[in-house]
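# Architecture at a glance
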Amino acid sequence: MTTEADEPELRAHFEETVAADRRVEPRDWMPEAYRATLVRQIAQHAHSEIIGMQPEGDWITRAPSLRRKAILWAKVQDEAGHGLYLYGAAETLGADRDDLTRRLLEGRQKYSSIFNYPAATFADVGVIGWLVDGAAICNQVPLCRSSYGPYARAMVRVCKEESFHQRQGYELLWTMTRGTAAQREMVQDAVDRWWWPSLMMFGPPDAASPNSERSMAWRVKRHSNDELRQRFVDMTVPQADRLGVTLPDPELRWNEERGRYDFGTPDFAELARVIGGDGPCNRERIARRTAAHEDGAWVREAAAAHAERRARRADGAGVAR
Amino acid sequence: MNGTGGEGDGPGDARWAFGTGFEDPLHGVAVEPPPGADGAAVARVCVALADDALVGAQRLAEWVTCAPELEIELALANVGLDLLGQARLLYARAGQVDGSGRGEDDFAYRRAAAEFRCLRLAELPRGDFAFTALRMLALSSARLAVLDGLRGAADPVLAAVAERGVTEVTYHRLFAAEWVVRLGDGTDVSRGRLGRAVEEAGPWLAEVWDDAVGAELGVAPGAVRAACAADWGRVAREAGVPLPVPVPVGGSGGRAGVHTAHLPVLLAELQGVARAHPGASW
């Protein structure tokens, strides 16, 4: 139990730990605002993994080859694993998984707005892997150095698996673009639909990002939204060229002077609308998650009742002995 | 070896979760059938077991994003992926030994319902979690007995698939049995749902218990029935719920290509994209 008198010293120790790039661990003192920021960020990340299973998950039963079926199912299972892992990291900060789930279902916590777009064809599975997971990796690799230990360590594994998913997505597109003309059209159509939403994944422009500055100071966040967006574009354009698809941005061109690509501005009004609940699939995503949670309640209750009864029986047996 | 130390791993592979050195699952297994082997019989067994696995996996895939909790979500995916993996190897083997040269996708995507040889219990709709657990228990008890017997099969690939499958299906049976016990010993609601699942599965159990698949390749007669009866009895006792013992019926049903109306619907979904793009490469 710490007292108010201890606090300046504890705070100094915390600041020093963060400044020296050491890790803050669950047992360490931390400012309440730091704890709250992390819970918000980790929970939002966990929710994104779980909601993010939906657009691609719907294609598992329809995957056009057994190999693609296995790859996609394993990938979606990985996302569930990331969710579980991240809820675990949030629990090290005193959060409770059921409570976080309730906040998601009631709209009090967000998930990545990218998952409010529909996956219309099987090519979307490839494009989600390539662009959406690719953008997620740009956002997440720096989090492997987050100042909060459990989150940083979780992200090492998450990033490795996401890299794998991105390669799988790209390999699907590579195969499809070498298939029939109809397949090439499917790929281009999916790229057209996902390019701008992928750029929006980096969040609002730096000037309009309310939580960024403090998160950067606390080393919960390492790079600005615009910086990461630029990094993603620079990484992706050559990959699109190799694939033979066109990125739907007339302003996209190499800037010799900067040594980077210039590109157009995403429609941030659309991003705000989708975050605000008015994307194409917001209601559908939360409805599905709510149904799963509610329909599964009797199963969780049965398991709890059984565990309790078994514990009682074990106690009784112990006394009798 | 599919870890980071595998042969195919290059210097930069530490950043990939599982390395890049993936190995053929049949690495080290002889693929030449033994002299005098009955290729048609091996193919029949492979197709029946692969059809059970594929159709069972398809029903489990319908749980994705809908499971009662994340741990169950992960477990159902594990079971489904195991079955899918078994189906792929068994189809590929069937196409080698039946002389047709068909690949795994030819079997999965280019056959009509009447050409499938799965047990009808496997093809019934997904149902609730009680039905899912009960069906998994029934199917995995029987499958485990068949695979166990096929470990000694003369066909080296079938024997290898059976060997690995025994490990996998032992877990499927455990997962299913534990949940049937939890639901039976849980709440009034879960007991009621389990009772309804037993009623729904009841008419389709006979062909599971009396399955003759594998008998011509050396699975002992009565092995499936004995294994199912033993598992059923143990789980019924622990769950405190009576599980009916099926009455044997003559050999028609799924193994003879006679199916419920649910299989064509399942296949329409499974095969739809593949059939809409003839000549495509995925």
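See the structure shown above.
In this report, the structure presented in the accompanying data block is examined. Everything numeric in this text was worked out from a predicted model, so none of it was measured.

To continue, consider the packing of aromatic side chains. Residue and element names in this part refer to chain A. Taken as a whole and judged by the stated rule, the model has 15 aromatic pairs over all chains. Taken together, the aromatic side chains of Phe 14, Trp 29 and Tyr 34 make up a single cluster linked through ring pairs. The ring centre of Trp 59 lies 3.8 Å from the NZ or CZ of Arg 62, which sits over that ring. Stacked on the ring of Tyr 85, the Lys or Arg Arg 157 has its end atom at 5.4 Å from the ring centre.

Moving on: the interface of chain B and chain A. By convention, interface size is frequently given as the accessible area that disappears when the constituent parts associate. If you look at the interface, chain B gives 61 residues, while chain A gives 54 residues. Counting each side, the surface lost to burial between chain B and chain A is near 4700 Å², with a carbon and sulfur contribution of 68%. Joining chain B to chain A, the criterion identifies three salt bridges. Close ionic contact of B:Asp185 with A:Arg313 constitutes a salt bridge, the shortest N to O distance being 3.2 Å. For the pair chain B and chain A, the interface holds 17 residue pairs in polar contact (both at pLDDT 80 or more). At the level of elements, helix H1 (39–61), helix H2 (70–97), helix H3 (104–109), helix H5 (129–150), helix H6 (156–184), helix H7 (188–201) and helix H10 (262–276) of chain B are the ones that each hand at least two residues to the side of chain B that touches chain A.

With that settled, consider the nonpolar core. Among the nonpolar cores identified, the biggest contains 186 residues, and A:Trp73, A:Trp130 and B:Leu150 are the most heavily contacted of them. Those residues in contact with B:Leu150 that lie beyond four places of it in its chain are B:Val45, B:Leu49, B:Leu158, B:Ala159, B:Ala162, B:Gly214, B:Leu217 and B:Val219.

A separate point is helix H9 (residues 223–239) of chain B. Look at H9(B): 24 Å from first C-alpha to last across 17 residues, which is about the 24 Å you get at 1.5 Å a residue. Looking one or two places after H9(B), you find B:Gly240, whose phi comes out positive at around 65°.

Quick notes on the rules
- Within every chain, residues take consecutive numbers counted from 1 along the sequence as written.
- Both sets of labels track the order of writing: A upward for chains, 1 upward for ligands.
- With pLDDT at 70 or above as the cut-off, local features in this predicted model cover only qualifying residues; side-chain atom pairs require 80 or more to be listed or tallied, and sums for whole chains, interfaces and linings still use all residues.
- To obtain the side-chain values, all non-hydrogen atoms of the structure were included, while hydrogens and water were left out.
- Stacked, tilted and edge-to-face are the three classes applied to pairs of Phe, Tyr and Trp rings, where Trp contributes its six-membered ring and a pair requires centres within 6.5 Å; stacked means planes under 30 degrees apart, edge-to-face means over 60, and tilted covers the rest.
- Any Lys NZ or Arg CZ found within 6 Å of a ring centre and within 35 degrees of that ring's normal is scored as a charge over the ring.
- Only heavy atoms enter the contact rule, under which two residues are in contact if any of them lie within 4.5 Å.
- Computed with a 1.4 Å rolling probe, the buried area is the accessible surface lost when two parts are put together, summed over both parts.
- Salt bridge, as applied in this entry: a Lys or Arg side-chain nitrogen positioned within 4 Å of an Asp or Glu carboxyl oxygen.
- Polar contacts here mean pairs of N or O atoms no more than 3.5 Å apart (in protein, one a potential hydrogen donor and the other a potential acceptor; neighbouring residues in sequence count only if both atoms are side-chain atoms).
- Strands are runs of DSSP state E lasting at least two residues, helices are runs of H or I lasting at least four, and both sets are numbered from the N terminus onward.
- As used here, the term nonpolar core means buried Ala, Val, Leu, Ile, Met, Phe, Trp, Tyr and Cys residues forming a set that is joined through side-chain atoms within 4.5 Å.
- Working definition: with a 1.4 Å probe on protein chains only, accessible area under 20% of the residue-type maximum means buried, over 50% means exposed, and in between means partly exposed.
- Multiplying 1.5 Å by the helix residue count minus one yields the expected span of that helix.

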